[in-house]
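Working through the structure, step by step
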Amino acid sequence: MRSGPVMKKTLHSTILLASLSATPVLSADLSTIVNTNSDKIDTLMVPKSTLSFGLGGNLNYGVYGTQYIYAVGNGTFFDDRGNTLAVGYAQGSNKIGMSNQVRIAPSAQIKYFQYLDNSNFLFGANYAYSYLHSRSSTPNVTVPQWGSSTIGEGTSLNLFGLDGKRIGATGNAIASSYQVSINHQMQFTPFFGYGFSRGFFYIGGGPSLSQVQTNVINLIGFAQMRGQPTDQSGVAQSFSGNHWIFGGAATAGFTYFLTPNWYVDLNYTYSQPRTPTSNYWSTFYNPVSSRVFLGGTLTGNSYGSITSHSFTASMNYAFDLAKSTPINVNF
C-alpha cells in the first residue's frame, strides 16, 4: 500500500520528462514547416522564364546642347523684260544654344528573361517605346551673312552702286525661332541580371531608334543697303527636317514581383541618337519695285547632338514560359 504514491510520483516524472523531450522536436518541426512555407512563397514569386508586357510612365530629361546652322542665299536682279541686272550671294553660320527639357511621357515595353540553370544569374532582352514629344526652342535666331554682288555692265542700279563693279555685301538671316524635337524613341537592350527572392537586378545596352525633327521658323534674309537692313528674300519662309536616327542606349534597373504574373519594373536609360543633319532648300521671289525683281534660292543645313535620360516605372504582366516550379534563388 505504501508503494502506491511512489509509483504515481515516478509515473508523473516519466511523463513530464517525455513531454519536455518532445517539445524541442515539435518546435523544430513547426519551425521547419513555417520556414518551408515562407521559402515557398518567396520562391514562387519569380518564374524561371517569362515574356511580359508592360505600360507605364517616363520622366525624360532631354539635353539639346549646341546646334549649328548654316544658310546661303543666291539671287538675281532682273527687270520687267527679263534682263539680268545683277547677281549675288551671301552665306554664313552660327551656333545656337538650346535649353534642356523635362517631359513626362507614356511608355510601353516587352521584356523576356530566363534564369540560367541552378543559378541566380539570368539573361534577357527588353524592347521599350516612349512617345516623348520633347521640344527645345530658341527664339530670334540670327545667322550673320557675308557675300558679294556683281553689277551688270551698262546698267545703273542704285541698290548696289556703280555699273560693272563687284562689291561686298553683308547682312543677316533672321528666323523667329529654331526648334529641335525628339518625338518617338525606341530601344532594344539585351541584358544580364542577378535574381533575388521576389525579382532581379539587371544591366544592359543596345541600339536605339529616335525620330528627330528640326524647324527653322519664319526665316528672312536681310542685306545692309545704304546702312539699313533690307529684305532680300521676300515673304518669311519656314523649313523642316525629319529623321529616323539610329543610336545607342544603356539601361539599368530592377523588377519586383507582386504575384507570379504581375511585377513592377523601375529603370534608368541613357540614349544618344547619331547626330542628324537637316538640309533645307527653297526658292524665293521678291518684287523690289514695279520694274525690278529679285529671285533666287535659299539653302542651308543644321545639326547638333542630342542625349536623352529616362527614368521609367511600369506595371507588367508576365507569361510563364517554363510552366514549371520557379527557380529557387538565394539572396
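All of the points below concern the structure found in this document.

How each quantity is defined
Residues numbered from 1 in each chain as written. Predicted model: local features only at pLDDT ≥ 70, side-chain atom pairs only at ≥ 80, totals over all residues. Heavy atoms only, no water. Salt bridge = Lys/Arg side-chain N within 4 Å of Asp/Glu carboxyl O. Helix = DSSP H or I, 4+ residues; strand = E, 2+ residues; numbered from the N terminus. Core = buried A, V, L, I, M, F, W, Y, C linked by side-chain atoms within 4.5 Å. Buried < 20%, exposed > 50% of the residue type's maximum accessible area, 1.4 Å probe, protein only. Phe/Tyr/Trp six-rings, centres within 6.5 Å; stacked < 30°, edge-to-face > 60°. Lys NZ or Arg CZ within 6 Å of the ring centre and 35° of its normal. Contact = heavy atoms within 4.5 Å. Polar contact = N/O pair within 3.5 Å; in protein donor to acceptor, adjacent residues only side chain to side chain.

The next point concerns the pattern of salt bridges. Counted by the stated rule, this structure contains two salt bridges. Measuring nitrogen to oxygen at the nearest pair gives 3.8 Å for the salt bridge that ties Arg291 to Asp80. Of the two residues, Arg291 sits in the loop between β11 (277-287) and β12 (292-303) while Asp80 sits in the loop between β2 (66-79) and β3 (84-97), which places them 211 residues apart along the sequence. Between Lys111 and Asp265 there is a salt bridge whose closest N-O contact spans 3.1 Å. Of this pair, Lys111 sits in strand β4 (residues 101-115) while Asp265 is found in strand β10 (residues 262-273), placing the two residues 154 residues apart along the sequence.

A separate point is the nonpolar core. When a protein is soluble and globular, its nonpolar side chains tend to lie buried together. In this structure, Tyr178, Val180 and Val216 are the most contacted members of the largest nonpolar core, which totals 28 residues. When residues of this core are traced back to their parent elements, those giving at least two are β2, β3, β5 (121-151), β6 (166-196), β7 (199-225), β11 and β12. Among the elements that line this core, the one with the most residues is β6, at five residues. Among the nonpolar cores identified, the runner-up in size contains eleven residues, and Tyr115, Phe191, Phe200 and Phe257 belong to it.

Let us look at the packing of aromatic side chains. One pair of aromatic rings is described through two measures. These are the centre distance and the angle between the planes. A full pass over the atoms with the stated rule returns 18 aromatic pairs. A centroid spacing of 5.3 Å and a plane angle of 20° characterise the contact between Tyr68 and Tyr303, whose relative ring orientation is stacked. Taken together, the residues span a long stretch of sequence, with Tyr68 in strand β2 and Tyr303 in strand β12 at a distance of 235 residues. Judged by centre distance (5.4 Å) and plane angle (40°), the ring pair of Phe196 and Phe201 falls under tilted. Over the ring of Tyr202 we find Lys111; its NZ or CZ atom is 4.2 Å from the centre of that ring.

Our next topic: the environment of Leu258. Among the structural elements, Leu258 can be located in the loop between β9 (237-257) and β10. Sequence separation of Leu258 and Val46 is 212 residues, and the distance between their C-alpha atoms is 9.3 Å. Ignoring sequence-local partners within four residues, the contact set of Leu258 consists of Met45, Arg198, Tyr263, Val264 and Met315.

Glancing now at the side chain of Asn60. Along the chain, Asn60 falls in strand β1 (residues 49-63). For Asn60, a relative accessible area of 2% corresponds to the buried category. A polar contact is formed between the side chain of Asn60 and the side chain of Ser308, at a distance of 2.6 Å. Among residues more than four places away in sequence, those in contact with Asn60 are Gln101, Val102, Arg103, Leu132, Ser308, His309 and Ser310.

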